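Each chain, letter by letter, is given below.
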Amino acid sequence: MVGEVSRRLLAVVEIEHSAHSWPPDVFVHDERDGSGNSMLNAFAHPCGGSLDSGMPIDCAAPEGQTKPHVHVTKELLDELIQGRPDRMAFVMGHEIGHITLGHTTDFAHRWKATSEVSLYAFGRQQEIGSDLVGAEYGLAAGYEFEGMMGALYRFIELDMSYSSFEGLGAS
């Protein structure tokens, strides 16, 4: 399902910057925390950039670019996606949005980390922007809006500590 959803989304997406080669690679893996517990997570990563250290997948990027990756954990597939392609489209669209909006460029990561305040402010803007563009990608690829929003509702049902959806109401 991850591969099929990714293919449908990438068919409607264009990247507007040249910092990354295209398309991103997509990986599903069993990420674990320091205690060995499975983690419910999805993230976009600029493989080949200075933040490559410690990522679960080694990679090589073309000269002068990074190779973007999208990572999805098995725990996220089991607990959040639950076999629903519309939910997967929202999560995958959100992560692809980070790439197309330039959030995964090495410059963006360096700027974001200049202070604790900028880390959180820039992060919230990135998350909301990626939610919006991710939903647009999902709709353009033919996924149902209500089904995609099921991913956000499931985050809340799971009592996750924070999602970008909850961030809309944060000061």
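Relevant structure appears above.
Residues numbered from 1 in each chain as written. Predicted model: local features only at pLDDT ≥ 70, side-chain atom pairs only at ≥ 80, totals over all residues. Heavy atoms only, no water.

Bringing the packing of aromatic side chains into the picture now. As enumerated under the stated definition, the model contains 0 aromatic pairs in all. Over the face of the ring belonging to Tyr143 we find Arg8, whose NZ or CZ atom lies 3.9 Å from the ring centre. (Phe/Tyr/Trp six-rings, centres within 6.5 Å; stacked < 30°, edge-to-face > 60°. Lys NZ or Arg CZ within 6 Å of the ring centre and 35° of its normal.)

Attention now goes to helix H1 (residues 2-10). Regarding H1, the residues found buried are Val2, Val5, Ser6, Leu9 and Leu10. On an axial view of H1, the arc spanned by its buried residues comes to 125 degrees, and they lie on one face. (Buried < 20%, exposed > 50% of the residue type's maximum accessible area, 1.4 Å probe, protein only. Helix = DSSP H or I, 4+ residues; strand = E, 2+ residues; numbered from the N terminus. Arc of directions from axis to C-beta.)

Inspection of the entire model under this criterion finds 5 salt bridges. Here Arg7 and Glu4 are joined by a salt bridge, their closest N and O atoms 3.6 Å apart. Pair noted here: Arg7 and Glu4 are both in helix H1, with a separation of 3 residues, about one helical turn. According to the relative accessible area criterion, Arg7 is exposed, its value standing at 55%. Assessed through its relative accessible area of 40%, Glu4 is described here as partly exposed. Between Arg154 and Glu79 there is a salt bridge; the shortest N-O distance is 3.9 Å. Highlighted residues: Arg154 in helix H6 (residues 145-157) and Glu79 in helix H2 (residues 74-81), separated in sequence by 75 residues. (Salt bridge = Lys/Arg side-chain N within 4 Å of Asp/Glu carboxyl O.)

Let us now look at the environment of Asn37. By the secondary structure assignment, Asn37 is in the loop between strand S1 (25-29) and strand S2 (42-47). Taking the C-alpha atoms as reference points, Asn37 and Glu75, separated by 38 residues in sequence, lie 9.9 Å from one another. With residues near it in sequence (within four places) discarded, Asn37 still touches Glu31 and Arg32. (Contact = heavy atoms within 4.5 Å.)

Here the focus is the side chain of His94. With respect to the element layout, His94 can be found in helix H3 (residues 85-100). Note on His94: relative accessible area 7%, which makes it buried. In terms of polar contacts, His94 uses its side chain to reach the side chain of His98, at 3.1 Å. (Polar contact = N/O pair within 3.5 Å; in protein donor to acceptor, adjacent residues only side chain to side chain.)

Within the open sheet, the 3 strands sit side by side as S1-S3-S2. Their pairing is mixed. Each edge of the open sheet is held by one strand with a lone partner, namely S1 and S2. Each strand of the sheet is rotated relative to its neighbour by a mean of 25 degrees, with strand direction disregarded. Pairing of S2 with strand S3 (residues 67-73), which is carried by 6 bridges, proceeds in the antiparallel orientation. Bridge pairing in S3 links Phe43 to His71. (Pairing = 2+ DSSP bridges. Axes fitted to C-alpha atoms, helices over the stretch in contact; angles between N-to-C directions.)

This paragraph deals with the pairing of S2. Counting buried residues along S2, 6 of its 6 residues qualify, which places the element largely inside the surrounding structure. Here S2 shows two buried faces, one formed by Ala42, Ala44 and Pro46 and the other by Phe43, His45 and Cys47.

Trp22 connects to Pro23 through a cis peptide bond whose omega is 5 degrees. Tracing the chain through its elements places Pro23 in the loop between H1 and S1. The phi angle at Gln82 is positive, at roughly 50 degrees, despite the residue not being glycine. Structurally, the position occupied by Gln82 is in the loop between H2 and H3.

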